[in-house]
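So you can see what is in the structure, the chains are spelled out below.
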Amino acid sequence: MKGNIVVGQSGGPTAAINSSVAGVFAAAKELGVEKVYGMVHGIEGFLEDKVIELEDYLSDPTEIELLKRTPSAFLGSCRFKMPKIEGNEEMYEKVFEIMEKHDIECLFYAGGNDSMDTVKMLSDYAAAHGKPQRFMGVPKTIDNDLPVTDHCPGYGSAAKYIATSIKEIIRDNESFGAKKPTICIVEIMGRNAGWLTASAALVKGDDCSGVDAIYLPEKVFDMDAFMKKVKYLAETKSSVVIAVSEGIHLADGRYVCELANENVAVDAFGHKQMSGTAAFLAQKVADETGLKTRAIEFSTLQRAATHLASLTDINEAFQVGHAAVMAAEAGKTGMMITLDRNGNDPYQCGTSAYDIHAIANVERTVPEEWITEDGCGLNEGYIKYARPLIMGEQFPVFVNGVPRHLVRK
Ligand code: F6P
């Protein structure tokens, strides 16, 4: 590669997205790229020419290791989509003007389905206007809902955190052995895809009976059936822990979280901000049964828990960043790197590049055949798929008793 490159981060952060930046940087250095720029706050910041030189932060291998152990988006994220080209040519030209100013030959963008739209729009614009710059997508999302790729970097770590925390919650909840159980409802992110909520199923083992029910957004949520199930569990068990997705919805399309608050905010990608599902359900159960309830919303914790990251995930996040640079070096553009599983025993995963048009804005949900017949659990098919993704640990570097992070100045 003759010119420089730039890498950006977009959408909800994950515990592994910085590892992808490290992978991009490492590959670029292997190829002798002179300058690796980082967009500050994604394409939104790039439009204002907000860039840093990664060499200023990553000149030492220990700094690369620290970056891999730093949660959230080191470069800063954004929820901003490039608008349709027609009528917004000025904005598109601005991107290319800034790329030319810094002699940037290739742009790498780590994100989910909405962020991949930016890669698609920019590569389409370049193709239509005879521009030589290349654009590559680097997959990332705790939601695990990007199509084509076997799974998404960021998912394994969030799933590991959820499985671990739910196991701890179950231990706590069952400790009292009361005649009337506490009904504990745990809310998990993932919007319209239940992948992350499904990870609650990974808890079950010879030292833990697992959660009592898992409600995914792939199934219509039936409030009456839920209440019936909770009442039955309360009569038969001394501890009840239930996992619910933030995106569960009724037959009429309303999200359960909207039952508590009709004026749900909408973000810049047009998504409703979901929160409060567990709190609503816990209150309803308490009101109708008189039982003690507890609502736990993992919220930010599930995507920021680098202290409990999956080593498999961190390594694969690095791998996709690295592969994106190598694909661009080979002349590819308008593509996203995918993770391609070659086997589970032993688990092996390679990478390839796939046309961004088949990926941007498409949501992949949990397959029906992995959901149990009663709609409230996951079967062995899911466990086989997800277990390898949470394997291995990457420990933080502790300083003064708390993890050390790499921070942008
Ligand atoms: O896109 C990932 C995600 O973590 C979703 O699962 C969740 O609904 C959303 O981001 C929350 O976004 P925000 O932090 O903007 O509220």
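Residues numbered from 1 in each chain as written. Predicted model: local features only at pLDDT ≥ 70, side-chain atom pairs only at ≥ 80, totals over all residues. Heavy atoms only, no water.

Engineer: Got a minute to help me understand the sheet that holds strand 8 (residues 240-245) in this structure?
Structural biologist: Either a parallel or an antiparallel arrangement is found when strands of a sheet pair, and the pairing is made through backbone hydrogen bonds. The four strands are arranged 7-8-6-9 in an open sheet whose pairing can be described as parallel. The open sheet terminates on both sides in strands that have one partner only, identified here as strand 7 (213-215) and strand 9 (293-297). When the angles between neighbouring strand axes are averaged without regard to direction, this sheet yields 20°. Bridging between strand 6 (residues 183-188) and strand 8 involves six bridges; their strand directions are parallel. By the bridge assignment, Val186 is partnered in strand 8 with Ala243. The strands touched by helix 8 (residues 223-236) within the sheet are strand 6, strand 7 and strand 8, with strand 8 carrying the most contacts at an inclination of about 160°. (Pairing = 2+ DSSP bridges. Helix = DSSP H or I, 4+ residues; strand = E, 2+ residues; numbered from the N terminus. Axes fitted to C-alpha atoms, helices over the stretch in contact; angles between N-to-C directions. Contact = heavy atoms within 4.5 Å.)

Engineer: What is the right way to look at the packing of helix 8 against helix 10 (residues 277-289) in this model?
Structural biologist: Between two packed helices, the angle of one axis relative to the other and the distance separating the axes together describe the packing. Running from amino to carboxyl end, helix 8 crosses helix 10 at an angle of 60°, the nearest separation of the two axes being 11 Å. Judged by the sense of rotation from one axis to the other, the crossing of helix 8 with helix 10 is right-handed. Residues Met223, Phe226, Met227, Val230 and Lys231 of helix 8 pack against Phe280, Leu281, Lys284, Val285, Glu288 and Thr289 of helix 10. Of the residues contributing to the contact of helix 8 with helix 10, the split by class is seven nonpolar, one polar and three charged. (Left-handed = near helix turned anticlockwise from the far one by under 90°. Nonpolar A, V, L, I, M, F, W, Y, C, P; charged D, E, K, R; others polar.)

Engineer: Sorry if this is basic, but what is going on with the pairing of strand 8 here?
Structural biologist: Two faces belong to every sheet, and in a regular strand the side chains alternate between them. Among the six residues in strand 8, six count as buried, and that is most of the element. With burial as the criterion, each face of strand 8 is covered, one bearing Val240, Ile242 and Val244 and the other bearing Val241, Ala243 and Ser245. Across three bridges, the pairing between strand 7 and strand 8 is parallel. Pairing of Ile214 across the sheet is with Ala243, part of strand 8. In this region the chain leaves strand 7, passes through helix 8 and returns to the parallel neighbour strand 8; the handedness of that crossover is right-handed. (Buried < 20%, exposed > 50% of the residue type's maximum accessible area, 1.4 Å probe, protein only. Right-handed = clockwise from strand over helix to strand, strands pointing away.)

Engineer: Which parts of the structure should I look at to understand the environment of Gly331?
Structural biologist: Relative to the helices and strands, Gly331 is located in the loop between helix 12 (311-329) and strand 10 (335-344). Under the relative-accessibility criterion, Gly331 is labelled partly exposed at 46%. Taking the C-alpha atoms as reference points, Gly331 and Cys106, 225 residues apart in sequence, are found 9.9 Å from one another.

Engineer: Teacher, can you tell me more about the pairing of strand 2 (residues 36-39) here?
Structural biologist: Of the two faces of strand 2, both are covered, the one formed by Val36 and Gly38 as well as the one formed by Tyr37 and Met39. Judged from the three bridges that link them, strand 1 (residues 4-9) and strand 2 form a sheet pairing that is parallel. Within the sheet, the bridge partner assigned to Ile5 lies in strand 2 and is Val36. Assessed by its sense of winding, the connection that carries the chain from strand 1 through helix 1 (residues 17-30) to strand 2 is right-handed.

Engineer: How should the site of the ligand be read in this particular structure?
Structural biologist: Taken together, the neighbourhood of the ligand is formed by Arg79, Ile142, Asp143, Met189, Gly190, Arg191, Glu246, Gln273 and Arg303. Here an oxygen atom of the ligand and a side-chain polar atom of Arg191 are 3.3 Å apart. Side-chain polar atom of Gln273 to an oxygen atom of the ligand: 3.4 Å apart, as the coordinates give it. Contact with the protein chains covers 81% of the free accessible surface of the ligand, which is 400 Å². Of the residues contributing to the shell around the ligand, the split by class is two nonpolar, two polar and five charged. (Near = heavy atom within 4 Å. Polar contact = N/O pair within 3.5 Å; in protein donor to acceptor, adjacent residues only side chain to side chain. Areas by Shrake-Rupley, 256 points an atom, 1.4 Å probe, with all protein chains shown as cover.)

Engineer: Please clarify how the pattern of salt bridges should be interpreted in this entry.
Structural biologist: Any two side chains of opposite charge can pair if their charged atoms end up close together. Under the criterion given, the structure shown has 25 salt bridges. A salt bridge links Glu48 to Lys50, with the nearest nitrogen and oxygen atoms 2.9 Å apart. The exposure class of Glu48 is exposed, given its relative accessible area of 53%. Look at the salt bridges and you will find they share partners, linking Arg79, Asp143, Arg191 and Asp267 into a network. (Salt bridge = Lys/Arg side-chain N within 4 Å of Asp/Glu carboxyl O.)

Engineer: Can you help me understand the side chain of Glu316 in this one?
Structural biologist: Structurally, Glu316 can be placed in helix 12. One buried charged residue, Glu316, remains without a salt bridge, the closest side chain of opposite sign being Arg341 at 7.6 Å. A polar contact of 2.6 Å, which involves the side chain of Glu316, links it to the side chain of His151. For Glu316, the contacting residues outside a window of four places in its chain are His151, Pro153, Leu339, Tyr347 and Cys349. (Lys, Arg positive; Asp, Glu negative; His and termini not counted.)

Engineer: I'm lost on the domain arrangement of the protein in this one. Help?
Structural biologist: Size of an interface: often given as the accessible area lost when the parts come together. Looking at the assigned domains, one finds that the protein contains domain 1 (4-141 + 307-362 + 392-403) and domain 2 (155-304). Each of domain 1 and domain 2 has a C-alpha centre, and these two points are 32 Å apart. Between domain 1 and domain 2, the buried area comes to about 1,400 Å², and carbon and sulfur atoms account for 55% of it. When residues of domain 1 are sorted by the area they lose upon contact with domain 2, Arg79, Asp114 and Leu308 head the list and together hold 44% of the total. On the surface where domain 1 and domain 2 come into contact, there are two salt bridges. Ionic pairing is found between Lys160 and Glu393, a salt bridge with its closest N-O pair at 2.8 Å. One can count six residue pairs in polar contact (both at pLDDT 80 or more) joining domain 1 with domain 2. If you list the elements that add at least two residues to the side of domain 1 that touches domain 2, you get helix 5 (113-128) and helix 12. Across the side of domain 1 that touches domain 2, the residue classes tally to eight nonpolar, nine polar and five charged. (Domains from an automatic or database assignment. Buried area = accessible area lost by both parts, 1.4 Å probe.)

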